[in-house]
There are 2 protein chains.
Amino acid sequence: MVTMSDVAKAAGVSRATASYALRGDPRIAPATTDRVLQAARALQYTTNLSARSLRSGRSGLIGVAIFELDFPYPSEMSAAISREVARHGLEAIVQETSNSKESEIAILQKVTSQLCDGTIFSPGNVSDEEIRALSGGKPVVLLDDLSPDPVFDSVATPCEAGTETAIRHLVDIGCRRILVIGANYDMLAEDRGATSVSGRRLIGCLNAFEVLGITPDPSQFVSTEWRTANARAMAHTLVDSGVEFDGAFCMTDSIALGFIRGLADRGVNVPQDAAVIGFDGINECDYYIPSLSTIATDMEDLARKAVGLLLDRIDGGGVPARTLTADYRLVARESTRR
Amino acid sequence: MVTMSDVAKAAGVSRATASYALRGDPRIAPATTDRVLQAARALQYTTNLSARSLRSGRSGLIGVAIFELDFPYPSEMSAAISREVARHGLEAIVQETSNSKESEIAILQKVTSQLCDGTIFSPGNVSDEEIRALSGGKPVVLLDDLSPDPVFDSVATPCEAGTETAIRHLVDIGCRRILVIGANYDMLAEDRGATSVSGRRLIGCLNAFEVLGITPDPSQFVSTEWRTANARAMAHTLVDSGVEFDGAFCMTDSIALGFIRGLADRGVNVPQDAAVIGFDGINECDYYIPSLSTIATDMEDLARKAVGLLLDRIDGGGVPARTLTADYRLVARESTRR
DNA sequence: ATGAAAGCGCTAACAG
DNA sequence: CTGTTAGCGCTTTCAT
């Protein structure tokens, strides 16, 4: 392994000078800097991240902790964030929390707090206080953190507004009996549900119904795991039990795709028999048959906002926590074409 | 920040003893170990990864470098590897190479060689020699490395055998005029194409045709970028130009899905008008309409093999490079049901 | 403009 | 069984 001492020796300077020169410190004479840089290149020197990080507390690494890597939405989000991080000359490292508390803790305390200059974290099973304790003071930006009073900077998906837009779209195209798939209606009884993504999307629905003068019926709200397979099975159940509906808003695109597939299994056609709209804007929407209308979260925008908040926090300000919301747009495709 | 000295002091032992105790070294008396562990817990101590890594050369981190994080196949693979790594008590960090040489180099020399105990790398634009030089001697396992004589351990997808199975399946169900989508037929002229995934899958096709007594026609092999959108456009082109076919093998599932969608755009139905089969076994196959028949690479098996090779290499043996091939199975679904 | 020296927090010989 | 000691490679005062 070639160390900075080797480079310094080759360039005929001290280790300190080499260190400065390698990082382009203006205090070093251009000629000297050149000599050092050349020596470094000749020796194929690379600075040792552990050593730098140990000494300076900076690694140039940004952590991205996401619940599942093998579903379209989180993986597209991770990709968007990785690219945004790269655009700032830093390196993103993505880790899967697998939605397990144990794993979230391990990531925060082993990697985030020790190694990363900051972390973008999609919290699942860990409280703000735990994050605070585990992250060892390192900056953290949360994704869809819905604490009543946020402790951390965070970026939210446009739950309420997006959902309202979706419902309005279904009504616009003539749907009269709309199902909401993936909702947990009981949740509202407790705390108005504002502290979860599902709760906030539900609230968006209710707002839309209210504005549109529609009185919602609890039976419209269908609870199911947010997974494609569950949504598919739920479609079977609904059709088999003879529930009438001409439109469905699904809490995520993955749910929507499973739901449409489930309807197809029972001979119910989208959009002829029922219109379906999702939420997220994953790539598959465009080439599914039928192509899926959706509330597309602007992932670039989300990434930009999350990384922006994190970098602001890294170089400095003890400003109060900010919460931003990602942009979105309604993308109307075949699944709501009537 | 609480360091090991703090723990040692709290437990009334030396730093060395604390270090041993924390790692459960049997040389330390159980009572002492207990005391240290308790002190550590009380102080919320976590060992500093940079320091450990700097000193011992081990971090417990396994790098996973993958070309794109926002496509189903690579993201499912990353997830499978992450979980397999976790199963061994290590932490996986995933990085996107974005298929750029610059980025591959940065990952190898900044993160792999400095920080990770080993890396599972999906090479795109970087040669074996470059990897050797950049990885600083750290163990590397390649994914689908197709060097004529491999320098590194690697795990390959079952290109030839899988493709043969796919073609045979199409013929079995009665296809007489089969298109191969995503093939680069010219490639064969050069080096028999054995050094790329696309080339090896093409070879699998030709083997199958030969065995089945079919004389392939170059016009059956359709070259296109391995992207859904390109495959879709290619379907348009093919149908518009009146090419006759009753079956298609697509080099990946993503290509297949785009291709089917493109056929649908032109009123060609799968499987009635043409059967389609893909390769990879991504999750979407199951709920696409029509569900997609495919050669499903066993991702668990691939992950197990890759991680196994890497761990073997990490603790030791200078044994010669091994190349393993992941298991696969034919999954017949609606897209080839006639 | 450059160099000497002091550690960052940890581990691993080596003593005792 | 436990403690002493010497660094890992780098950054950063502080001198010069």
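Please refer to the structure placed before this passage.
Residues numbered from 1 in each chain as written. Chains lettered and ligands numbered in written order. Predicted model: local features only at pLDDT ≥ 70, side-chain atom pairs only at ≥ 80, totals over all residues. Heavy atoms only, no water.

A. Quick peek at the nonpolar core. Ranked by internal contacts, the top residues of the largest apolar core, which has 140 residues, are A:Phe259, A:Val276, B:Phe259 and B:Val276. With residues near it in sequence (within four places) discarded, B:Val276 still touches B:Ala248, B:Cys250, B:Ala256, B:Phe259, B:Ile260, B:Leu263, B:Val270, B:Leu292, B:Ser293, B:Ser335 and B:Thr336. Counting residues in each nonpolar core, the second largest holds 12 residues, with A:Cys116, B:Ile93, B:Val111 and B:Cys116 among its members. (Core = buried A, V, L, I, M, F, W, Y, C linked by side-chain atoms within 4.5 Å. Buried < 20%, exposed > 50% of the residue type's maximum accessible area, 1.4 Å probe, protein only. Contact = heavy atoms within 4.5 Å.)

B. Inspection of the protein's contact with DNA strand D at higher detail. The full set close to DNA strand D counts 27 residues, and A:Met4, A:Arg15, A:Tyr20, A:Tyr45 and B:Arg55 are the nearest of them. At 3.3 Å from a phosphate oxygen of DNA strand D is found a side-chain nitrogen or oxygen belonging to A:Arg23. One nitrogen or oxygen atom from the side chain of A:Arg55 is found 2.7 Å from a base oxygen belonging to DNA strand D. Taken together, the elements giving at least two residues each to the surface near DNA strand D come down to α2 (15–22) and α4 (49–56) of chain A together with α2 (15–22) and α4 (49–56) of chain B. Per-class residue counts for the surface near DNA strand D are 11 nonpolar, 9 polar and 7 charged. (Near = heavy atom within 4 Å. Polar contact = N/O pair within 3.5 Å; in protein donor to acceptor, adjacent residues only side chain to side chain. Helix = DSSP H or I, 4+ residues; strand = E, 2+ residues; numbered from the N terminus. Nonpolar A, V, L, I, M, F, W, Y, C, P; charged D, E, K, R; others polar.)

C. The arrangement of the pattern of salt bridges in detail. Inspection of every chain in the model, using the stated rule, returns 40 salt bridges over all chains. For A:Arg261, the salt bridge identified is with A:Asp265, shortest N-O distance 3.0 Å. In this pair, A:Arg261 and A:Asp265 both sit in helix α12 (residues 253–265), 4 residues apart, roughly one turn of the helix. By relative accessible area, which is 4% here, A:Arg261 ends up buried. Residue A:Asp286 pairs with B:Arg232 through a salt bridge whose shortest N-O separation is 3.7 Å. One end of the pair, A:Asp286, is in the loop between β9 (275–280) and β10 (293–297); the other, B:Arg232, is in helix α11 (residues 228–240), on a second chain. One continuous salt-bridge network, built from bridges that share partners, spans A:Arg232, A:Arg261, A:Asp265, B:Asp286, B:Arg333 and B:Glu334. (Salt bridge = Lys/Arg side-chain N within 4 Å of Asp/Glu carboxyl O.)

D. Representation of the sheet that holds strand β8 (residues 247–250) of chain B within the structure. Residue and element names in this part refer to chain B. An order of β7-β6-β8-β9-β10-β12 is seen for the 6 strands of this open sheet, with the pairing classed as mixed. Looking along the sheet, the strands with just one partner apiece sit at the ends: β7 (221–222) and β12 (328–331). The pairing of strand β9 (residues 275–280) with strand β10 (residues 293–297) spans 4 bridges and is classified as parallel. From the neighbouring strand, Gly278 faces β10, where its bridge partner is Thr294. Of the strands in this sheet, β6 (178–181), β8, β9 and β10 are in contact with helix α12 (residues 253–265), which crosses β9 at around 155 degrees. (Pairing = 2+ DSSP bridges. Axes fitted to C-alpha atoms, helices over the stretch in contact; angles between N-to-C directions.)

E. Representation of the sheet that holds strand β12 (residues 328–331) of chain A within the structure. Taken together, the 6 strands give an open sheet; going across it, the order is β7-β6-β8-β9-β10-β12 (chain A), and neighbouring strands pair in mixed fashion. Each end of this open sheet is capped by a strand with a single partner; those strands are β7 (221–222) and β12 of chain A.

F. Local environment of the relation of the copies chain A and chain B. Superposing chain A onto chain B requires a rotation of 180 degrees together with a translation of 0.0 Å along the rotation axis, leaving an RMSD of 0.1 Å. Taken together, the turn and the small shift mark the pair as related by a two-fold rotation axis. (Least-squares fit on C-alpha atoms with pLDDT ≥ 70 in both.)

G. Quick look at the protein's contact with DNA strand C. Around DNA strand C there are 27 residues in total, and A:Thr32, A:Arg55, B:Met4, B:Arg15 and B:Tyr45 lie nearest to it. For DNA strand C, the fraction of protein-proximal atoms (within 4 Å) that sit in sugar or phosphate groups is 61%. With respect to DNA strand C, the side chain of A:Thr17 contributes an N or O atom lying 2.7 Å from a phosphate oxygen. In the environment of DNA strand C, a phosphate oxygen lies 3.0 Å from a nitrogen or oxygen atom belonging to the side chain of B:Ser19. When residues of the surface near DNA strand C are traced back to their parent elements, those giving at least two are α2 and α4 of chain A together with α2 and α4 of chain B. Within the surface near DNA strand C, the residues separate by chemical class into 11 nonpolar, 9 polar and 7 charged.

H. View of helix α13 (residues 299–314) of chain B. Residue and element names in this part refer to chain B. Along its 16 residues, α13 runs 22 Å from first to last C-alpha, staying within 8% of the 22 Å computed at 1.5 Å per residue. Along α13, the positions that sit buried rather than exposed are Met299, Asp301, Leu302, Ala303, Ala306, Val307, Leu309, Leu310, Leu311 and Ile314. Two or three places before Glu300, at the start of α13, stands the capping residue Asp298, its side-chain oxygen 3.1 Å from that residue's backbone nitrogen. Immediately downstream of α13, the backbone of Gly316 shows phi near 140 degrees, a positive value. (Expected span 1.5 Å × (residues − 1).)

I. Just the pairing of strand β1 (residues 61–66) of chain A, in detail. Residue and element names in this part refer to chain A. For β1, the tally of buried residues reaches 6 of 6 residues, placing the bulk of the element in the interior. Side-chain alternation along β1 places Leu61, Gly63 and Ala65 on one buried face and Ile62, Val64 and Ile66 on a second face that is also buried. Judged from the 6 bridges that link them, β1 and strand β2 (residues 91–96) form a sheet pairing that is parallel. Counterpart to Val64 in the pairing with β2 is Val94. A crossover connection joins β1 to the parallel β2 through helix α5 (residues 72–87); in handedness this β-α-β unit is right-handed. In this sheet, strand β3 (residues 118–121) lies alongside β1 in parallel orientation, the contact comprising 4 bridges. Across the sheet, Gly63 pairs through a bridge with Thr119, a residue of β3. (Right-handed = clockwise from strand over helix to strand, strands pointing away.)

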